[in-house]
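So the chains spell out like this:
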Amino acid sequence: MTILRHELRQGRLSFLIWTISIAFLLLICVFLFPEMKAQMAGVSSLFASMGSFTKAFGMDVLNFGELTGFYAIECGNIMGLGGAFFAAFCAVPMLSKEEKDHTAEFLLTHPVSRRRIAGEKLGAVLLQITLMNLLSFVIVILSILMIGETLPLKELSLLHVSYYLLQLELAGICFGISAFLHSSGFGIGLGIATIAYFLNLIANLSDRAAFLKYITPFGYADGASIISSGSLDPAMLIPGMLLGAAGILIGFCKYCRKDIV
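Figured I'd write up the structure that's included with this text. Here the structure is a predicted model, which means the values were calculated and not measured. (Residues numbered from 1 in each chain as written. Predicted model: local features only at pLDDT ≥ 70, side-chain atom pairs only at ≥ 80, totals over all residues. Heavy atoms only, no water.)

### Overview of the overall build of the chain
1) Next: Helix and strand counts for the chain stand at 11 helices and zero strands.
2) Next: The linear arrangement of helices and strands in the chain, starting from the amino end, is α-α-α-α-α-α-α-α-α-α-α.
3) Next: Here the chain, with 261 residues, has 48% of them falling under the buried criterion.
4) Next: In the chain, once contacts between residues fewer than 6 apart in sequence are set aside, the share between residues at least 24 apart is 76%. (Helix = DSSP H or I, 4+ residues; strand = E, 2+ residues; numbered from the N terminus. Buried < 20%, exposed > 50% of the residue type's maximum accessible area, 1.4 Å probe, protein only. Contact = heavy atoms within 4.5 Å.)

Shown next as structure tokens:
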């Protein structure tokens, strides 16, 4: 567990910055709802008539004047996109930074197998993502109680579980990519998260592009679909989890055979 503890210590500052930033934005977003609630009835009908724009963000299905609809649209973008960036930020340099920082010679001379090194590094990624999601979820619950709104626990739980699974999938993919890199690759990770987000927007805009929802993890983390159906879509979720697991497996295989210089 020495490597895992080292990775957690090394990444504690970025973890705190990302977690505080995401939780703070969620807090502010929830606190804004009472002020906007009275105005949202008219705004919802306006948004519903804006064609493709409303379809892209699910505003043709969700009621902006209700907490669940407001949260799925506003806070969903914060947690979904911010969480995706954080997952990519954590995972994509994890197996490559030893070469970048020229510390591989020190690490690999110890009597520790590469499989264990990769396993503990992966554990550090998953633990940081899990803690960030738990802390953000607690902040959201407390902030809703503070503004005196009824807590929609089922809907909130489904939304946050979907964001968590989205982050795990992206982390798995980026972890696999990390094994092929010789530098940090932050741009690659953030690029993958951004592309995945816009693929979902495109899928919402056109029925012909609906198949993209089965490619991007944002497809099963779409707030409009989750709130309207009351569940996650396994047809989208299962392929995503398999893709994330494949990324992890590829990362392990490549790292264990990689010629590290």
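### What to know about the packing of helix α7 (residues 114–146) against helix α8 (residues 153–178)
1) Next: At a closest axis distance of 11 Å, the pairing of α7 and α8 adopts a crossing angle of 155°. Between α7 and α8, the interaxial angle falls into the category roughly antiparallel. α8 is crossed by α7, and the crossing has right-handed handedness.
2) Next: Grouping the constituent residues of the contact of α7 with α8 by class yields 17 nonpolar, five polar and one charged. (Axes fitted to C-alpha atoms, helices over the stretch in contact; angles between N-to-C directions. Parallel < 35°, antiparallel > 145°, perpendicular 65-115°, else oblique. Left-handed = near helix turned anticlockwise from the far one by under 90°. Nonpolar A, V, L, I, M, F, W, Y, C, P; charged D, E, K, R; others polar.)

### As for the nonpolar core
1) Next: Core analysis: the largest hydrophobic core is formed by 62 residues, its most contacted members being L26, Y71, V125, L159, L166, F175 and Y220.
2) Next: Elements with a contribution of two residues or more to this core: α2 (12–48), α4 (67–91), α7, α8, α9 (186–205), α10 (223–229) and α11 (234–257).
3) Next: Those residues in contact with F175, other than ones at most four positions away along the chain, are A91, M94, L95, A118, K121, L122, I248, G251 and F252. (Core = buried A, V, L, I, M, F, W, Y, C linked by side-chain atoms within 4.5 Å.)

### Details of the environment of S178
1) Next: As for its position among the elements, S178 is in helix α8.
2) Next: Overall, the relative accessible area of 0% leaves S178 in the buried class.
3) Next: The spacing of S178 and A91 is 87 residues in sequence and 7.3 Å in space, taken between C-alpha atoms.
4) Next: Here S178 is in contact with A91, V92, P93, M94, L95, S96 and K258, once residues within four sequence places are set aside.
5) Next: Polar side-chain contacts of S178 include one of 3.3 Å to the backbone nitrogen of S96. (Polar contact = N/O pair within 3.5 Å; in protein donor to acceptor, adjacent residues only side chain to side chain.)

### Thoughts on α4
1) Next: A maximum bend of about 45° is found in α4 at G76.
2) Next: Within α4, 19 of the 25 residues are buried, leaving the element largely enclosed by the surrounding structure. (Bend = angle between axes of the 7 residues up to and from the residue.)

### Observations concerning the packing of aromatic side chains
1) Next: The final tally for this structure, using the stated rule, is eight aromatic pairs.
2) Next: Both rings, one in W18 and one in F86, keep their centres 5.9 Å apart while their planes meet at 50°; by these two values the pair is tilted. Taken as a pair, W18 in helix α2 and F86 in helix α4 lie far apart in primary sequence, 68 residues in all.
3) Next: For W18, a relative accessible area of 21% gives the class partly exposed.
4) Next: Each ring, one from Y197 and one from F198, has its centre 5.4 Å from the other, and the planes form 80°; the classification is edge-to-face.
5) Next: Judged by its relative accessible area of 13%, Y197 is buried.
6) Next: An aromatic cluster is defined as three or more aromatic residues linked by ring pairs; in this entry it consists of F15, W18, F86, F89 and F186.
7) Next: Looking at R114, its charged tip hangs above the ring of Y255, at a distance of 5.9 Å from the centre. (Phe/Tyr/Trp six-rings, centres within 6.5 Å; stacked < 30°, edge-to-face > 60°. Lys NZ or Arg CZ within 6 Å of the ring centre and 35° of its normal.)

### Let's talk about α11
1) Next: In a regular helix each residue adds 1.5 Å, so 24 residues correspond to 34 Å; α11 covers 34 Å between its end C-alpha atoms and thus fits that length.
2) Next: Turning to α11, its buried residues number three or more, namely M236, L237, G240, G244, G247, G251, F252 and Y255. (Expected span 1.5 Å × (residues − 1).)

### Structural notes on the packing of α4 against α7
1) Next: Following both chains from N to C, one finds α4 and α7 inclined at 160°, their axes separated by 11 Å at the closest point. Put simply, α4 runs roughly antiparallel to α7. Classified by chirality, the crossing of α7 by α4 is right-handed. Mapping the contact onto sequence places L67, Y71, M79, G83, F86, A87, C90 and A91 in α4 and V125, Q128, I129, M132, N133, S136, V140 and I144 in α7.
2) Next: Classifying every residue of the contact of α4 with α7 gives 12 nonpolar, four polar and no charged.

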